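Structural overview
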Amino acid sequence: AVLERTPYPETFANQCMRRIRAERNVTRPHASILQACMNRKLRVNNLKNEKEMKVALDLTNTNVGYRLGRLFAVLEKAQYDALGVETIRDRFYGSASSNPVTSFPRLLKLSTHHLSKIEKQGFRRNLENWITEIIGGLGDSMPNHLDMDDQARFAIGYYHQRQALFTSNKENTKGEEK
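In short, a report on the structure.

Residues Leu34, Phe72 and Phe104 are the most contacted members of the largest nonpolar core, which totals 39 residues. Mapped by element, the contributors of at least two residues to this core are helix H1 (10–23), helix H2 (28–44), helix H3 (64–83), helix H4 (87–98), helix H5 (100–117), helix H6 (121–136) and helix H7 (148–177). Here this core takes nine residues from H3, the largest share from any one element.

Within this structure, the stated rule accounts for eleven salt bridges. Residue Lys41 pairs with Asp149 through a salt bridge whose shortest N-O separation is 2.8 Å. Remark: Asp149 occurs in helix H7 and Lys41 occurs in helix H2; sequence separation between them is 108 residues. Arg67 is the partner of Glu133 in a salt bridge, and the nearest nitrogen-oxygen pair spans 3.5 Å. With Glu133 in helix H6 and Arg67 in helix H3, the pair connects residues that are 66 residues apart, well separated along the chain. The class for Arg67 is buried, based on a relative accessible area of 5%. Through salt bridges with shared partners, one network takes in Glu10, Lys41 and Asp149.

Reading the values: the criteria
- Residues numbered from 1 in each chain as written.
- Predicted model: local features only at pLDDT ≥ 70, side-chain atom pairs only at ≥ 80, totals over all residues.
- Heavy atoms only, no water.
- Core = buried A, V, L, I, M, F, W, Y, C linked by side-chain atoms within 4.5 Å.
- Buried < 20%, exposed > 50% of the residue type's maximum accessible area, 1.4 Å probe, protein only.
- Helix = DSSP H or I, 4+ residues; strand = E, 2+ residues; numbered from the N terminus.
- Salt bridge = Lys/Arg side-chain N within 4 Å of Asp/Glu carboxyl O.

Structural data, given as structure tokens:
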């Protein structure tokens, strides 16, 4: 595929998605593989109506899968800030990434409870703003099912948002130390 400039085999991305579901974690190599597969497919098939995936968080990306991945990361962060655990990833990642209409209503209901338990108002407000911004870009309805490409975008969006949350937390901590 590299030498002939053809799309990477679908099985490559599918195996990566299986590994993510088994480990319940999206690592940098996973996100990189999925991003490379998506971008190569767009370039080779000359799909001009879709943008290539960026290396970092893309706030302008309107793809439903990408936005839902971002939302899942923010909801996980809200749970962690409230309770000190990240169980929604263990319990809901698979269903949220493939059948969002069944998982996200429950996750959003749980997030209200989690957000109310966060003592630092600034952190709570930031998370509420993220949730509002992401949901605002989803449109009127939640999709019943995400195809494999959108599941890959979900994983990439999740990874990008987690990295952005981690980076902003590091910067907030540095600011508090001064």
